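# Structural features, examined
Below are the chains, spelled out letter by letter.
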Amino acid sequence: MSFWRNTLDYNALIPVIRELAILAGDKIMEIYGADDFDVKVKSDDSPVTAADEAADALISAGLRAAFPDVMLVTEEQSESHAAKGDTFLIVDPLDGTKEFIHRRGDFTVNIAYVEKGVPQRGVVYAPAKNRMFFTQADGQAVEETGAFDPKSVGEVKAINVAESDNAALYVVASKSHRDQATDDYINKYNVKDMKSAGSSLKFCLVATGEADIYPRVGRTMEWDTAAGHAVLLGAGGNVVRFDDHTPLAYGKEDFANPFFIAYAPKVDLKEA
């Protein structure tokens, strides 16, 4: 496994990851629109579909062709989970497989570049929702609207986190992983409204100012969070560990995350 010593050229990176996310989204939607698709179960009891595998093959081939010297970690290739390093490309080709299987639409394609433990650039594409968020080469997070042509960027608008009002916060939480511990933590805040969303869209809702805070008290992996984390950083937000509020870092053992909180900086964080 070779290690990348220099900063990746973001001007070269962004068009590639954006294009691959759109092409993978097209492939996923082909399978999503079929009358039936096979669902297999992985060793950790999580489901995997032909869409996960097709999107992974497409994205991995594209990234390896464009950036052969960069470490690549992807959810669907377990051998990549043994890689060690703090600078790498990381992919979840279909985040929200359960949402996909139940045809709820809240699933995303996620591609990110982590440098020195920080997700610096990323793209989150929700093909069934027609929403796409990515970081530009300069780091600013944007939402693109339009036809999502793989080769040419449509209209984009810069996104920024909310100027949060701690007396009336908007909270987003997981659609399929809500539990009592999450609710107990949310109850420490003055909540104006709660919304649920699947996959990495929760990060993006904080990034656009549609929500102020997303607490996650549950298991996630780095490929689940890196792209959304990058988008949120590019919109002025933060992601910290739930236990001590230090920044959530990447390149950890087995790429497993602790509990975390994604939020707009004006939110007064409560202790765990």
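Residues numbered from 1 in each chain as written. Predicted model: local features only at pLDDT ≥ 70, side-chain atom pairs only at ≥ 80, totals over all residues. Heavy atoms only, no water.

## Considerations on unusual backbone geometry
Note the following rule: Only DSSP runs of H or I covering at least 4 residues are called helices, and only runs of E covering at least 2 are called strands; the numbering of each starts at the N terminus.
Of note, R103 is a non-glycine position whose phi angle comes to about 55°, a positive value. Residue placement: R103 occurs in the loop between α3 (97–101) and β5 (108–115). Notably, D254 is not glycine yet its phi reads approximately 65°, a positive angle. Relative to the elements of secondary structure, D254 occurs in the loop between β14 (238–241) and β15 (256–257).

## Describing the nonpolar core
The nonpolar side chains of a soluble globular protein tend to be buried, and buried together. As a reminder of what qualifies: Residue types Ala, Val, Leu, Ile, Met, Phe, Trp, Tyr and Cys, when buried and joined through side-chain atoms within 4.5 Å, form a set referred to as a nonpolar core. Whether a residue is buried, partly exposed or exposed follows from its accessible area with a 1.4 Å probe, protein chains only, as a fraction of its type maximum: under 20%, in between, or over 50%, in that order. Working rule for contacts: check all heavy atoms of both residues, and any pair within 4.5 Å makes them a contact.
Within the largest apolar cluster, 37 residues are counted, with the highest numbers of intra-cluster contacts made by F88, I90, V231 and L232. Of all elements in the fold, only β4 (88–95), β5, β6 (118–126), α5 (201–207), α6 (222–234) and β16 (260–263) reach the threshold of two or more residues within this core. A total of six residues in this core trace back to one element, the largest contributor, which is α5. Those residues in contact with L232, other than ones at most four positions away along the chain, are V161, F203, V206, A207, G237, N238, V239, A262 and Y263. A55, F67, L89 and F107 belong to the second largest nonpolar core, which has 34 residues in total.

## So, the confidence of the model for the chain
This is how it is decided: Across the chain, each position has a pLDDT score giving the predictor's confidence in that residue, from 0 to 100.
For the chain, per-residue confidence averages 93 on the pLDDT scale, and residues scoring 70 or more make up 97% of the total. Low pLDDT, under 50, characterises residues 1–6; the predicted model gives this stretch 13 contacts beyond four residues in sequence or across chains.

## Some thoughts on the environment of V171
Locating V171 in the fold gives a position in strand β10 (residues 169–174). By relative accessible area, which is 1% here, V171 ends up buried. Note: C-alpha distance between V171 and M221 (50 residues apart in sequence) is 22 Å. Discounting chain neighbours no more than four positions away, the residues touching V171 are I186, V191, D193, M194, K195, I213 and P215.

## Description of the packing of aromatic side chains
Applied cut-off: Planes of paired rings set the category: under 30 degrees apart is stacked, over 60 is edge-to-face and the rest tilted, where pairs are Phe, Tyr or Trp rings (Trp by its six-membered ring) whose centres lie within 6.5 Å. A ring has a charge above it when a Lys NZ or an Arg CZ is no more than 6 Å from the ring centre and no more than 35 degrees off the ring normal.
Enumeration according to the criterion identifies 13 aromatic pairs in this entry. One aromatic cluster is present, formed by Y32, F37, F100 and F107 through successive ring pairs. The aromatic ring of Y10 is capped on one face by R121, whose charged end is 3.9 Å from the ring centroid. For the cation-ring pair, K270 lies above Y189, with the distance from its terminal atom to the ring centre recorded as 6.0 Å.

## What about the pairing of β4?
Test applied: At least two DSSP bridges between two strands are required for those strands to pair.
Among the eight residues that make up β4, eight are buried, leaving the element largely enclosed by the rest of the structure. Here strand β3 (residues 72–74) runs beside β4; their pairing, made up of three bridges, is parallel. Looking across to β4, one finds that L72 is bridged to L89. Pairing analysis gives six bridges linking β4 to β5, with the strands arranged antiparallel.

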